[in-house]
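Residue strings, one per chain:
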Amino acid sequence: MSEKISGGCLCGAVTYEVENDFNRFYFCHCQQCRKITGSAHASNLFTRPDAIQWTTGATYKKQFNYPERDFTVVFCTECGSGLPFVTTSGKVLIVPAGSLDAEPNIQPNDNIFWAERAAWYDEGTHAHKCDGFPR
Ligand SMILES: [Zn+2]
Ligand SMILES: [Zn+2]
């Protein structure tokens with residue numbers, strides 16, 4: 001039995017506990033992940049569907065299924081944060097790494113859909129690092 005760690009959305013309405021026993025960790029640069037996160041890529045951890053227990057706020061969860069590709073997102077209806085969901089195959093639980101309150105047991109394995117990455121991504125990883133806003 002592995003350790004459990006907590007997670008949830010930014011506003012705090014939705015919270016969960018998940019076993020810290022992830023087996024894959026992908027940065028997904030596909031066009032859908034970039035749109036849905038509003039960012040360079042999704043950061044998704046993979047584990048078993050039964051590894052999660054929802055603690056609070058299940059009624060605030062909303063699911064969107066993109067019709068043109070097997071692509072799902074679940075988010076908080078109050079604050080829009082991405083939340084864990086089971087894939088349509090029913091075999092995998094995907095946990096957005098940024099929704100966790102603690103560090104996962106693994107490091108990122110792969111950048112997937114690399115060919116679809118934003119043109120500004122590579123340059124951005126080398127941009128100046130500031131602890132807060134730039135001075
Ligand atoms: Zn929320
Ligand atoms: Zn993607």
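Our structure is the block above this text.
Parameters at a glance
- Residues numbered from 1 in each chain as written.
- Chains lettered and ligands numbered in written order.
- Predicted model: local features only at pLDDT ≥ 70, side-chain atom pairs only at ≥ 80, totals over all residues.
- Helix = DSSP H or I, 4+ residues; strand = E, 2+ residues; numbered from the N terminus.
- Rg over C-alpha atoms; globule rule 2.2 N^0.38 Å.
- Buried ≥ 20, exposed ≤ 12 C-beta atoms within 10 Å, placed from the backbone.
- Contact = placed C-beta atoms within 7 Å.
- Pairing = 2+ DSSP bridges.
- Axes fitted to C-alpha atoms, helices over the stretch in contact; angles between N-to-C directions.
- Core = buried A, V, L, I, M, F, W, Y, C linked by C-beta atoms within 7 Å.

**Q** Looking at this structure, how should I read the overall build of the protein?
**A** Scanning the protein from terminus to terminus reveals two helices and eleven strands. Overall, the protein shows an N-to-C arrangement of helices and strands of β-β-β-α-β-β-β-β-β-β-β-β-α. Over its C-alpha trace the protein gives a radius of gyration of 15 Å, about what one expects of a compact globule, namely 14 Å for 135 residues. If one aligns the C-alpha atoms of the protein with their principal axes, the spans along those axes are about 40 × 40 × 30 Å. Out of the 135 residues belonging to the protein, those deemed buried represent 23%. Put simply, of all contacts in the protein between residues at least 6 apart along the chain, 59% involve residues at least 24 apart.

**Q** How do you make sense of the sheet that holds strand β1 (residues 4-8) when you look at a structure like this?
**A** Within a sheet, neighbouring strands are paired by backbone hydrogen bonds and run either parallel or antiparallel to one another. If you walk across this open sheet you meet the three strands as β1-β2-β5, and the pairing is antiparallel. In this open sheet, the two edge strands, each paired with only one partner strand, are β1 and β5 (52-56). The mean angle between the axes of side-by-side strands here comes to 25 degrees, regardless of whether they run parallel or antiparallel. Where strand β2 (residues 15-19) lies against β5, four bridges are found, and the strand directions are antiparallel.

**Q** I'm lost on the sheet that holds strand β11 (residues 110-112) in this one. Help?
**A** The strand order across the open sheet formed by five strands is β9-β10-β4-β3-β11, and the pairing between neighbours is mixed. Taken across any chain shown, the strands that pair with only one partner, and hence form the sheet edges, are β9 (85-86) and β11. In this structure, strand β3 (residues 24-28) lies alongside strand β4 (residues 42-47), joined through five bridges in antiparallel fashion. For phenylalanine 25, the partnering residue across the bridge sits in β4 and is leucine 45.

**Q** Which parts of the structure should I look at to understand the pairing of β4?
**A** For a regular strand, the rule is simple: side chains alternate between the two faces of the sheet. Buried residues dominate β4, accounting for five of its six residues. Examined bridge by bridge, β4 and strand β10 (residues 93-96) share four bridges and lie antiparallel to one another. Across the sheet, residue leucine 45 finds its bridge partner in β10, namely valine 95.

**Q** Got a minute to help me understand the pairing of β10 in this structure?
**A** Of the two faces of β10, both are covered, the one formed by Leu93 and Val95 as well as the one formed by Ile94 and Pro96. In terms of strand pairing, β9 meets β10 through two bridges, oriented antiparallel. Residue pairing in the sheet places valine 86 in a bridge with leucine 93 of β10. What sits between β9 and β10 in their antiparallel hairpin is a turn of six residues, with glycine 90 showing a positive phi close to 80 degrees.

**Q** How should I be thinking about the nonpolar core in this particular structure?
**A** Nonpolar side chains in soluble globular proteins generally cluster together in the buried interior. Grouped together as the largest cluster of nonpolar side chains are 15 residues, with contacts concentrated most on Cys9, Val14, Phe75, Cys76, Leu83, Ile94 and Val95. Counting residues per element, the ones that place at least two in this core are β2, β7 (71-76) and β10. If sequence neighbours within four positions are ignored, cysteine 76 has contacts with Cys9, Cys11, Ala13, Val14, Tyr60, Lys61, Ser81 and Leu83. Listed in part, the five residues of the second largest apolar core include Tyr26, Phe27, Cys33 and Ala42.

**Q** What should I look at first to understand the environment of arginine 69 in this one?
**A** Among the structural elements, arginine 69 can be located in the loop between β6 (61-66) and β7. The exposed category is assigned to arginine 69, around which 10 C-beta atoms lie within 10 Å. Between the C-alpha atom of arginine 69 and that of isoleucine 94, which follows or precedes it by 25 residues, the distance is 16 Å.

Note that all results are geometric; they support no functional claim without further evidence.
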